[in-house]
Amino acid sequence: MFHLVVFRLGMFGFMTLFLTGLGLIVAGGLAALLLEQWPERAGTVAAILMVTGAAVAAVPALLVLPGLSAPVSCHWNWAFPGAGLDQPGLRLDPLSAIFLLPVLTLTGLGAVYGRTYWRPWHHRHEALGLAWLSYGLLGVAMALVATASHGVVFLVVWELMTLTSWFLVTFENEKPAVRSAGWLYLVASHIGNACLLALFCLLARNTGSWDFSAYPWLRTHTVPAAAFFLLALAGFGVKAGLAPLHVWLPEAHPAAPSHVSAVMSGAMIAMGIYGLLRILSFLDHPAPWWGWLMIGLGLGSALFGALLSLAQSDLKRLLAYSSVENMGLVATGIGFGLLGQATHQPALLFLGYAGALLHVLNHALFKGLLFFAAGAAVHAVGSRSLEAMGGLLRRMPETGALFILGAAAAAGLPPLNGFTSEFFLYLAGFRGLTTAQTGIQAPALIALAGLALTGVLAGAAMAKAAGVGFLGEPRSEAAANAHEPGLGLFLPMLVLALGCLAVPVLATFWPWLLAPATAEITGMPVDAFTDIINHLQPPLAGLTTAGVLLLLVAGWITLRMRYLLKPRPVRRAATWTCGYLQPTPRMQYTAGSFAQPMITLFRGLLRPRYQITRPAGLFPAPAAFACATPDVVREHYLRPLFHALRERLAVLRAFQEGHVQVYILYITLTLLILLLWKL
Amino acid sequence: MAGLALAPLLPGLINRVKALAAGRRGPPTTQLYRDLWKLLRKGVVYSATTTWVFRAGPRLGLAATLTALTLMPWGPLPALLTFPGDMVVLVYLLGLGRFFTVLAALDTGSSFEGMGASREACLAALAEVPLFLALAALARGADAMALSPIYAGLAHLPAGTTAGLFLAGAALLVVYLTENARIPIDDPNTHLELTMIHEVMILDHSGPELVLLEYGGALKLWLLGGLVAGLLPLPASAAWATALGFLAAQAAVALLAGLIESTLARIRLVRLPQLPLAAAAFALLAFVLFLT
């Protein structure tokens, strides 16, 4: 019966439905631009249109994802001049669908959040129309990236995604820090885009086509597959924020408005993962070293991201580094998948890819939630620094509780969603450990140790964010007067929090839901995974049982304690400070001191900087201590590299004339040379 | 289930050994039962700074340890709940308990408890790697992916791998001492807040709240002790014999911990990482031995 309904709907065209949804999102942006004079109304109209659009566009994605509907596609009856005869088109398959879910969810919820979040700008009479339009276009660009089936279309919407997100990152461009973050983002993205341009040109040259449907040809022919893989890794790695290509991410995320941070962190950087997987889906027979490279890069990013996240005292920057960590975990999963593919171990392959895909979804849920909640906290306190927060849970009980939930999910703790996908990765590691192939066992062991260390460090970073930011005494005047931000910010958080709880409930279903997408990546039939999925049921059911048991036991203890304490004297007193009676909030452990033992442990890698003015003499002058952990990759490797480049390239300054006429001459000359060369 | 009743004996045993080694009579072995009973009948004082998180810490901590206990096999006897990858769930459940205990400590706004929380998080980071490496080595040795089959499979290891078992056991023992905040990592009897790690984190918990924490601590001792004890050769003639053997092994591990505490001084805080690193090296060696 259900299939019949799906079929009927399919007749009307899922693609039309999808495009209608995207159209509504753009319409929301345009409406906000037109209604700019009435900012309150503009925000409401934009939010309504965008939520509706996202919901409409999500329908086909939800049906294609588990294979309820066949992949849908469309083509325009037109070809890009100079790009062969292939008609540009879109295709929505299970792999696209899994990435469309975070894109559409966060775009819709972010619009609701943005309506309230951007209110203070109304009072300052600043125009928001263009920002709303950029926001809508960013959502649509991401959805199109995930569905483009033509090289040129892909590159165009990829650039659109980069530019619209750049406009949003530089939203508060009156601040110098925001401008410099925007510049860094623009440069880093375009270095990545250059690799992608080369990649797609190479693909088109090898196959003679820009259309993705022609690319499975690559599977059966001898092609420089490793070159494709490496170019894709470099180009998409920048967007995904894999270390050492992550430098733009911890600058851009904090600079952007919070709902944009949520969209960028939860959905946009996942597009880098999508691109990589899409390219991998064209290639067969990966070499084992691809897998090792991915696992190495992934674990490196994960550890590095977790450590730097722990070292930050800027709440949004802490969350940004946590994104580096999570993308590292996703890359580790892809690495396991590639390894399984290379060594013909379908179980390892499935656990790796499915774990990576599920972690993308989970990351979108908890990181979206955390950025939303962090935005509310930053809004209330007026500073992003954890040292200015504290005690927010008492003043913002709902937001605080959801932040703690999100932090526990991001720390990968059971029974929340982060653990569900990490469990897949651990299973992949243990599977690799117990295979008969000795070449896999030892590295799988290192991977397991890396995953374990990442897990605890991420837990410490999240405990720091939640503990220093939301618990204890307020560390500033503003934090003491903080209050709940209202329903407009709370509802989007609540939806994501429910998602964090729902994913583990569905644990045993996820392999079935993710099998079509995994089949798409590997080119294997979906049926090939049936046995593996059946074997996965006991561990996942066990996971659910343990989770339920935990909640039951915790609930029982809570009830018992309430009953026990009812007749007892329950007093409230000041915190114990060794008998000292006037503790001040300044005596609390700070964000910096919480992280200190672990930062010291890894100081060889992180190179923290200390500025100490020691007290000296019998009547010492005021002493001071400051500690900062700047990004080691940026400070110690990229900055010198780019400085050296600038010195060498100074010769080219001569061409930088400053007259538009001269630049047009350059263009004409280049065209002329190319023409002559081809003739 | 017996673990639930017997776990508070372990700290008593350890303290007894320490007292005897120091030439004192020491508190009775059942002291913790008396303490728990006494605390259970008291009222509670909460810090005015705290929120529900402060109360969630002990509750979730105990619930997580209890749930983790259902995954712990009694040597070759299978656990209540067993499935591939259950060791990951066990370790992460302990992580959940730690996360909320740390949050509860930060909730008081005291610098002492902040310090304890920070050190506890750091120690956990150090202990996690040898723990996973040791479990991975055992999984490799027994060629299984769940705790119960792993511990059951260890009985049938080929000759010549005893050294591997020994090394893995040593690594797990270090984790046991670290996670339970015992000498040489942390001194549960220290009297100065500045030098404490675990104890300073729970300064503000009182009455039945403290019972949850102390009992949870005893259960954690039982849980990680069980992972070590399961490695010892246990009689396999009948289930009851194995169970009795396991209980004896648990007691033996506690005695060993007591001896270690009596003979070793506490390591300086800055040099702490060396011990878990050594444990990680042991576990790696064990893995290499099981590889062949």
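Here, the structure is the one placed above.
Model, not experiment: these values are computed from the prediction. (Residues numbered from 1 in each chain as written. Chains lettered and ligands numbered in written order. Predicted model: local features only at pLDDT ≥ 70, side-chain atom pairs only at ≥ 80, totals over all residues. Heavy atoms only, no water.)

Q: Is there a simple way to think about a nonpolar patch on the surface in this case?
A: Residues and elements named next belong to chain A. Side chains of Ile191, Leu641, Phe642, Leu645, Leu649, Leu652 and Phe655 sit close together on the surface and give an oily, nonpolar patch of about 660 Å² of accessible area. The element contributing the most residues to the nonpolar patch is helix H26 (residues 632–648), with three residues. Residue placement: Leu641 occurs in helix H26. (Patch = residues over 30% accessible without salt bridge, like charges linked within 9 Å, V, L, I, M, F, W, Y side chains within 5 Å. Areas by Shrake-Rupley, 256 points an atom, 1.4 Å probe, with all protein chains shown as cover. Salt bridge = Lys/Arg side-chain N within 4 Å of Asp/Glu carboxyl O. Helix = DSSP H or I, 4+ residues; strand = E, 2+ residues; numbered from the N terminus.)

Q: Explain helix H3 (residues 39–64) of chain A here, please?
A: End to end, H3 of chain A covers 38 Å across 26 residues, agreeing with the expected 38 Å (1.5 Å per residue, within 8%). Along its length, H3 of chain A shows its largest kink, about 30°, at Ala58 of chain A, and proline Pro60 of chain A lies within four residues downstream of that point. (Expected span 1.5 Å × (residues − 1). Bend = angle between axes of the 7 residues up to and from the residue.)

Q: Any chance you could explain the side chain of Thr343 of chain A here in plain terms?
A: Residue and element names in this part refer to chain A. When you line up the elements, Thr343 lands in the loop between helix H14 (315–342) and helix H15 (346–381). The buried category is assigned to Thr343, whose relative accessible area is 17%. Only 3.2 Å separates the side chain of Thr343 from the side chain of Gln345, close enough to count as a polar contact. The residues touching Thr343, leaving out its near neighbours within four places in the chain, are Gln437 and Ile440. (Buried < 20%, exposed > 50% of the residue type's maximum accessible area, 1.4 Å probe, protein only. Polar contact = N/O pair within 3.5 Å; in protein donor to acceptor, adjacent residues only side chain to side chain. Contact = heavy atoms within 4.5 Å.)

Q: Whenever I open this one, the interface of chain A and chain B confuses me. Can you help?
A: Interface size is commonly expressed as the accessible area that is lost once the parts come together. Listed as interface residues are 76 residues of chain A and, on the opposing side, 75 residues of chain B. Taken over both partners, the interface formed by chain A and chain B buries close to 6300 Å², and the fraction arising from carbon and sulfur atoms is 76%. Considering only the side of chain A, the residues that lose the most area to chain B are Phe430, Leu445 and Tyr589 of chain A, jointly responsible for 10% of the buried surface there. At the junction of chain A with chain B, the criterion picks out zero salt bridges. The interface formed by chain A and chain B holds 20 residue pairs in polar contact (both at pLDDT 80 or more) in total. Residue assignment for the side of chain A that touches chain B shows that the elements contributing at least two residues are helix H16 (392–395), helix H17 (397–410), helix H18 (417–433), helix H19 (438–470), helix H23 (530–565), strand S3 (570–573) and helix H24 (591–601) of chain A. For the side of chain A that touches chain B, the element with the most residues is H19 of chain A, which contributes 19 residues. Of the residues belonging to the side of chain A that touches chain B, the class tally is 53 nonpolar, 16 polar and seven charged. (Buried area = accessible area lost by both parts, 1.4 Å probe. Nonpolar A, V, L, I, M, F, W, Y, C, P; charged D, E, K, R; others polar.)

Q: What exactly am I supposed to notice about the pattern of salt bridges here?
A: Close approach of charged atoms allows side chains of opposite charge to pair. Residues and elements named next belong to chain A. Taken as a whole and assessed by the stated rule, the structure comprises 19 salt bridges over all chains. In this structure, the salt-bridge partner of Arg278 is Asp93, at a minimum N-O distance of 2.9 Å. Placement of the pair is Arg278 in helix H12 (residues 258–282) and Asp93 in the loop between strand S2 (89–92) and helix H4 (94–117), with a sequence separation of 185 residues. For the pair Arg278 and Asp93, one class covers both residues: buried.

Q: So what exactly am I meant to see when it comes to the packing of aromatic side chains here?
A: Two numbers describe a pair of aromatic rings. These are the distance of the centres and the angle of the planes. Residue and element names in this part refer to chain A. Within this structure, the stated rule accounts for 36 aromatic pairs over all chains. Measuring from ring centre to ring centre gives 5.3 Å for Trp158 and Phe236, while their planes differ by 80°; the resulting arrangement is edge-to-face. Note that Trp158 is positioned in helix H7 (residues 151–169) and Phe236 in helix H10 (residues 225–240), a separation of 78 residues in sequence. Each of the two residues, Trp158 as well as Phe236, counts as buried. By way of ring pairs, the aromatic residues Tyr113, Tyr117, Trp118, Trp121, Trp132, Tyr135, Phe171 and Phe372 are connected into one cluster. It is Arg124 that lies over the ring of Trp121; its NZ or CZ is 5.0 Å from the centre. For Lys239, the ring lying beneath its charged end belongs to Trp248, and the centroid distance is 6.0 Å. (Phe/Tyr/Trp six-rings, centres within 6.5 Å; stacked < 30°, edge-to-face > 60°. Lys NZ or Arg CZ within 6 Å of the ring centre and 35° of its normal.)

Q: Which parts of the structure should I look at to understand the packing of H14 of chain A against H18 of chain A?
A: Between two packed helices, what matters for the description is the angle formed by their axes and the separation of those axes. Residue and element names in this part refer to chain A. Between H14 and H18, the least distance of the axes is 10 Å, while the angle of their chain directions is 40°. When the axis of H14 is compared with that of H18, the two are oblique. The crossing of H14 and H18 is left-handed. Two secondary-structure elements touch here, H14 through Leu329, Gly333 and Phe336 and H18 through Glu422, Leu425, Ala428 and Gly429. (Axes fitted to C-alpha atoms, helices over the stretch in contact; angles between N-to-C directions. Parallel < 35°, antiparallel > 145°, perpendicular 65-115°, else oblique. Left-handed = near helix turned anticlockwise from the far one by under 90°.)

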